[in-house]
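One letter stands for each residue in the lines below.
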Amino acid sequence: MRDDPAEAAYRRALALVTALVALVGVLWAVLTPAFRAPDEPQHVNSVLRLAYGGGWPAAGEALVGPAVDEARDQAALASDVPGRHLDRPDVPPFVGVPPLDDAERGTVSAENALADPVPPGSSTRQLDPAAVDQMTQHPPLYYALAAGVLQATGMAEARWDLQLLTLRLFDVALLLPLPLLTAAAVRRLSGSRPAALVAASFTLFVPQVGHILGSVTNDALVTLSGAAIGYLCVRVLTGDLRLRTAAALGVVVGVGLLTKVMAVFALPVVVAAYAVVAGPRGRRTLGVLVAGGAAVAIGGWWWLRNLLVLGTVQPVGIPDRFLDDAEPRGLWYFLRIVVTSLTRSFFGNLGWLELRLPDAVFWTAAVVVAVLCAWAVVRGPARAATVVLLLQPVALWCGVLVNAWPDYAAHGWISAVQGRYLFAGLLALGTGTALGLLALLGPRLRRAAPWVFGAACAAAASGLAFGFWGFYQGPDQSVADAAARWAGWSPLTGLQLVLVGSVAVLVGVAAVLAVVRCARARPVSLTARSASDAEHTAAATATTPTTTAGNGSSS
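A few points on the structure.

Definitions and limits used
- Residues numbered from 1 in each chain as written.
- Predicted model: local features only at pLDDT ≥ 70, side-chain atom pairs only at ≥ 80, totals over all residues.
- Heavy atoms only, no water.
- Helix = DSSP H or I, 4+ residues; strand = E, 2+ residues; numbered from the N terminus.
- Contact = heavy atoms within 4.5 Å.
- Phe/Tyr/Trp six-rings, centres within 6.5 Å; stacked < 30°, edge-to-face > 60°.
- Buried < 20%, exposed > 50% of the residue type's maximum accessible area, 1.4 Å probe, protein only.
- Lys NZ or Arg CZ within 6 Å of the ring centre and 35° of its normal.
- Core = buried A, V, L, I, M, F, W, Y, C linked by side-chain atoms within 4.5 Å.
- Salt bridge = Lys/Arg side-chain N within 4 Å of Asp/Glu carboxyl O.
- Disulfide = S-S within 2.5 Å.

## Some thoughts on the side chain of His43
Step number 1: Within the secondary structure layout, His43 lies in helix α2 (residues 40–51).
Step number 2: Contact partners of His43, with chain neighbours within four places excluded, come to Pro38, Met135, Tyr143, Val216, Thr217 and Asn218.

## A closer look at the packing of aromatic side chains
Think of a pair of aromatic rings as described by two things: how far the centres are apart, and how the planes are tilted against each other in angle.
Step number 1: Inspection of every chain in the model, using the stated rule, returns 19 aromatic pairs.
Step number 2: For the ring pair Phe346 and Phe423, a centre distance of 5.6 Å and an interplane angle of 75° mean the geometry is edge-to-face. Of this pair, Phe346 sits in helix α13 (residues 331–347) while Phe423 sits in the loop between α16 (383–411) and α17 (426–441), placing them 77 residues apart in sequence. Of the two residues, Phe346 and Phe423, neither departs from the other in class, the shared state being buried.
Step number 3: Each member of the aromatic cluster is reached from another via a ring pair, and the members are Phe94, Phe468, Phe471, Tyr472, Trp486 and Trp489.
Step number 4: For the cation-ring pair, Arg36 lies above Phe94, with the distance from its terminal atom to the ring centre recorded as 5.2 Å.

## So, the nonpolar core
Side chains of nonpolar character tend, in soluble globular proteins, to be buried together.
Step number 1: Within the largest apolar cluster, 165 residues are counted, with the highest numbers of intra-cluster contacts made by Phe35, Leu249 and Tyr472.
Step number 2: Broken down by element, the residue count for this core peaks at 17 residues, all from helix α1 (residues 5–31).
Step number 3: Leu249 has contacts with Ile229, Leu232, Cys233, Val236, Val270, Tyr274 and Ala291, leaving out every residue within four places of it along the chain.

## Some words on the pattern of salt bridges
Step number 1: Considering all chains together, one arrives at 19 salt bridges under this definition.
Step number 2: Put simply, Arg36 and Glu354 hold a salt bridge, and the shortest N to O gap is 3.3 Å. One end of the pair, Arg36, is in the loop between α1 and α2; the other, Glu354, is in the loop between α14 (350–353) and β1 (355–356), with 318 residues separating them in the sequence.
Step number 3: On the basis of relative accessible area, Arg36 is assigned to the buried category, the value being 1%.

## So, the state of the cysteines
Step number 1: Under the criterion given, the structure shown has zero disulfides.
Step number 2: The cysteine Cys373 is free of any disulfide, with Cys398 supplying the nearest cysteine sulfur at 15 Å.
Step number 3: Left unpaired, Cys457 is separated from the closest cysteine sulfur, that of Cys518, by 15 Å.

Honestly, that's just the spatial picture; any functional story needs more than this.
The following block contains the structure:
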């Protein structure tokens, strides 16, 4: 049997789209200045603590070690990048700090990796929050895996900037399955190759994804587990009621729960998937029990223990930041600020929420995604399944709002509102967007897919350019000045940075061409049907009598 040329073209295109998503993550990993991502010093510190046998202290009792303290100073983290949305005259500019030579950058070793333990009975609540590592409020799975990467690569004892790059690339590797899982979910729900390629490219439209998942963060593993949960729920929703699928679903939920509390918002999706799908009630109930049991056994126990022992699901891991209470301005103010901040930081609020995409950009993107997801629910090819999938980002969104309200009501401050907390729902949003576009365009999506993917490439390039400008290009400085500054701070040489960028451009061009070829390829079934129709027409022509002009006789 001859291979389907359309399927072969689709697989090549998907492989190149996936490679481009990963390379964009690599570009963000080498572009973002050291520790210029939310809580990155603390994430690195917790990895080093496990790598050097420092254990997992109780929440609020872990301190930042000397190595990370020195690294923050050498990275000039206390300065402001030039594109910061709000100038602070009392803070030195990042562009005014000369990059430290490689030979002068500190090396992490057993002598400086670990902080002194907090004496029993003492409190860290009066310390500067920057001195406290709040990550022990989370389970340790991500940090144990990252510590294993340092040990396996020989980077446990190395220059801090090389360690940082190694850990960032580990997070990019965790991003790699996301486009594949999203495409597979769309193929299973719709059978559409063009829609699957659109879904695979979804994260290229969201610069914050590359920025966050190209940094050191436990959100990388949460994002991967959320995507795996979404894909397995799609399998359930399309009739896969095998117990091994339920067990796999429980495992990935458990992995998410052993990483961060955000995974708990996937539980309603799992239950809804088994509730909606057609099949024997006993089989569906057993699937929920198997998945739930595996999830609790692997990761859910952590949060149950917190509740029983500490009296709370997630303990506070950082000292109070509200030195002076402010007067709450009411519910409407709270909703306006939270929704705006959450939307902006989902699409593009880079660094420590310092570099803000223009309002028109992120609001337009948010409206497009929301409208297409809504259209998928109303007119899409798998409406019930789409509703179930979209429960995950909706639950996460509501969870962020509910979690932010107590601090606002008590202190007048709004905290813990970041778009990265929604990344566990990226597969659902990518699937909903692609299915909505398929419902809108129908068969025309095959011709439109290359244009959509080209727009995704342009969005990714624009996001990187925005980050380059905001991180490195000072007032009245040229692009060459900014590039030299980037190379000076990077652990890579200027030539290596050019090489990474060139590979990304080449893969991007190849991916665009592959998507175009996929759009033009015809499945074997259609090709065979056309050939059969042609043969039938030829045979009919050969056997049909021909009437000669004038006498009506056959030839």
